[in-house]
Amino acid sequence: MSQAVCITTPIYYVNDRPHIGHAYTTTICDVWSRAERLMGRDVFFLTGTDEHGSKVEKSAAARGISPQALADENAAEFQRALATFGISNSDFIRTTQARHETQVQEQLRRLVKSGSVYLGTFEGWYDEGQEEYHTETRARELSYLSPISGKPLTRATEQNYYFKLSAFADRLAKHFADHPTFVRPSERANEMLGRLRDGLQDVPITRTNFSWGIAMPDAPGHVVYVWIDALFNYITALELGSADPARPDRSRYWPATYHIVGKEILWFHAVIWPALLMALELPLPKCVYAHSFWIADGQKMSKSLGNFVDLATIDRYFAQFGLDAWRWYMATQGPIAATDADFNAKHFHEIYTADLVNTVGNCPSRVGAMIGKYFDGRLPADSTAGQPAHDGAIGSHSWDSLCATTVREWESRMDAFDLQGAARIAIDLLRRVDAFINETAPFKLAKDPANAVQLASILNQCAQTVRVAGVLLEPFMPSKMAALAGAFGGQASSGAPWVVRVKYGTIAAGHPIEKLALFPRVDPATCVPAG
Ligand code: ME8
């Protein structure tokens, strides 16, 4: 049985249209899922939409439609967007689905039974846009303004059901201490620890001031707070709280390997969610990874500034550079670490040209062209068993051992969600092939028939290595790398087990090698402006 792994995106609010932020988080989860599947793991990749709450209720009222109609419309738009981004999710959960609602109610009953939920009165600072309450200390830190919308926080009083978050402070602190990579990157873990040290207050988990939500069981008038409702998606999709005998068995996917979230919602995922799981005696996710934000031309992207890179802009990038180039840019240049990343058309073009046109496109095209010209498009034999004819480009390695080392390194980077590191390793392999071609100069050797054996070995080694690099780049650029696998095929081109696919030397001598042009040059003058 292959190892089960699970990755999740946040579930996206249906009162917003899909934009680069959603595309980013979902794409990096997709790259990881494809990589893990390629390595033979049993992957569950979850995304979906967050459809309850007063914001949805208000937006729907403003349009004169029901909240469900608004949710249906926008959930469909998110699903269409996922298809255009080439996302391979295993499920798409919607919080208005019956499977979710019944399980949330079941989990709440369990929480009440466990004694970690009680009825109390709350007074606090409320961020209406985020549907989030802040303590006095936090509100003061925020100058009584929403950190997201900049609008004033309002003073609000409610009788609510509370979750005893305060009771979990010590266990949470211990979990952070015992699992240094529970929250990543480490800057974010330190931030969470700092806030944990300030102390934890119980959190209201129901509301009475709106009705568009899941009814709190046995508590008329109380609706489950949208954040609590939403967090449960990670386990309702896996049917962990289901009593339905016909449910699919997905329990092997819990605990999640990675919850990938934006930094603005880390508190919910790194503190509140783990405490809820502790109260339910369920295992905690292995890692909550909080990426930073895309900004546009040095400025924060925001709805009010109107500079969010939206679907229409993303479509223009697809038209000009192709989906795979977009995915490459997201996965390799995005705000995966603790700092924000700037999105701009010029940088996009530079990366496209340097990485894709000049390396991932050019290297196979060079190798294919030479095999075409000197060997009629058939792979010539290597009489040196992978030992390079010249040791400059790869030192004392054989190509065989270099590929094997690269593959192992790539595997561990991928498992650790270091997508940028994995991408760099794969592209470096092609850069080595390029350097090897420059050093050995097969185009010069070809001028003298006495060099035929050496020439054949060099081109064989190049082609074998290009094929392996193409497999390592596949999760990032599935369709272009499928074309590469077709052109440099061999028996291990597709569908074969991972160890076979990444094994050096599997293209048989005599196999046809095609010359292909993967990434056309794009004139910078015609580039899409950002935003
Ligand atoms: O917060 N750069 O949903 P949401 C990068 N429903 N990523 C960005 C971004 C940016 N500029 N802007 C947004 C919610 N994102 C809740 C989540 S989960 C139980 C409930 C991404 O539609 C980032 O992943 O506002 C962020 O966490 C997510 O969009 C927020 O999506």
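Up top is the structure these notes are about.
From a predicted model like this one, the values you see are computed outputs, not experimental measurements.

What counts, and where the lines are drawn
- Residues numbered from 1 in each chain as written.
- Predicted model: local features only at pLDDT ≥ 70, side-chain atom pairs only at ≥ 80, totals over all residues.
- Heavy atoms only, no water.
- Helix = DSSP H or I, 4+ residues; strand = E, 2+ residues; numbered from the N terminus.
- Buried < 20%, exposed > 50% of the residue type's maximum accessible area, 1.4 Å probe, protein only.
- Near = heavy atom within 4 Å.
- Polar contact = N/O pair within 3.5 Å; in protein donor to acceptor, adjacent residues only side chain to side chain.
- Areas by Shrake-Rupley, 256 points an atom, 1.4 Å probe, with all protein chains shown as cover.
- Nonpolar A, V, L, I, M, F, W, Y, C, P; charged D, E, K, R; others polar.
- Phe/Tyr/Trp six-rings, centres within 6.5 Å; stacked < 30°, edge-to-face > 60°.
- Axes fitted to C-alpha atoms, helices over the stretch in contact; angles between N-to-C directions.
- Parallel < 35°, antiparallel > 145°, perpendicular 65-115°, else oblique.
- Contact = heavy atoms within 4.5 Å.
- Disulfide = S-S within 2.5 Å.

Q: Mind showing me how you'd approach the environment of Cys-462 here?
A: Tracing the chain through its elements places Cys-462 in helix H17 (residues 452–473). Overall, the relative accessible area of 0% leaves Cys-462 in the buried class. Linking Cys-462 and Ser-146, residues 316 residues apart in sequence, is a C-alpha distance of 56 Å.

Q: Explanation requested: helix H2 (residues 54–63) in the structure shown.
A: Each α-helix turn comprises 3.6 residues. Residues three or four places apart therefore point the same way. For H2, the set of buried residues is Ser-54, Lys-55, Val-56 and Ala-60. Note on H2: the residue one or two positions beyond its end, Gly-64, has a positive phi of about 70 degrees.

Q: Looking at this model, I keep getting lost on the site of the ligand. Mind explaining?
A: The full set close to the ligand counts 23 residues, and Ile-11, Tyr-13, Thr-25, Asp-50 and Trp-294 are the nearest of them. One nitrogen or oxygen atom from the main chain of Tyr-13 is found 2.9 Å from an oxygen atom belonging to the ligand. Within the side chain of His-291, an N or O atom sits 3.5 Å from an oxygen atom of the ligand. For the ligand, whose unbound accessible area comes to 670 Å², protein coverage reaches 94%. Mapped onto the shell around the ligand, the elements with two or more residues apiece are strand S1 (4–13), helix H1 (20–38), helix H8 (226–231) and helix H9 (233–236). Among the elements that take part in the shell around the ligand, S1 stands out by supplying 4 residues, more than any other. The residue inventory of the shell around the ligand, partitioned by class, reads 12 nonpolar, 9 polar and 2 charged.

Q: Looking at this structure, I do not really get the side chain of Thr-440. What am I missing?
A: With respect to the helices and strands, Thr-440 occurs in helix H15 (residues 419–440). A distance of 2.6 Å separates a polar atom in the side chain of Thr-440 from the backbone oxygen of Phe-436.

Q: Help me understand the packing of aromatic side chains in this model?
A: Geometrically, a pair of aromatic rings is defined through the distance of the ring centres and the angle of the planes. Considering all chains together, one arrives at 34 aromatic pairs under this definition. Judged by centre distance (5.8 Å) and plane angle (15 degrees), the rings of Tyr-12 and Phe-78 are stacked. Pair noted here: Tyr-12 is in strand S1 and Phe-78 is in helix H3 (residues 67–84), with a separation of 66 residues, a long-range link. For the pair shown, Tyr-12 and Phe-78 are each scored as buried. Considering the side-chain rings of Tyr-258 and Phe-417, the 5.2 Å spacing of their centres and the 45 degrees angle between planes classify their relative orientation as tilted. With Tyr-258 in strand S11 (residues 258–262) and Phe-417 in the loop between helix H14 (399–415) and H15, this residue pair connects regions lying 159 residues apart in the sequence. One exposure class covers both Tyr-258 and Phe-417, and it is buried. Ring pairing ties together the aromatic residues Tyr-24, Phe-85, Trp-294, Tyr-317, Phe-318, Phe-321, Trp-326, Tyr-329, Phe-343, Phe-348, Tyr-352 and Phe-519, which thus form one cluster.

Q: Can you walk me through the packing of H1 against helix H12 (residues 323–333) in this structure?
A: The description of two packed helices rests on the angle between their axes and on the distance between the axes. Interhelical geometry of H1 versus H12 gives an angle of 90 degrees and a closest axis separation of 9 Å. In terms of axis orientation, H1 runs roughly perpendicular to H12. Mapping the contact onto sequence places Ile-20, Ala-23, Tyr-24, Thr-27, Ile-28, Asp-30, Val-31 and Arg-34 in H1 and Trp-326, Arg-327, Met-330 and Ala-331 in H12. Its residues placed into classes, the contact of H1 with H12 shows 8 nonpolar, 1 polar and 3 charged.

Q: Please clarify how the state of the cysteines should be interpreted in this entry.
A: Each disulfide is one covalent bond, formed between the sulfur atoms of two cysteines. A complete count under the given rule lists 0 disulfides for this structure. Considering cysteine sulfurs only, Cys-29 is the nearest to Cys-6, which forms no disulfide, with 9.9 Å between them. Take Cys-29: its relative accessible area is 0%, and that puts it in the buried class.

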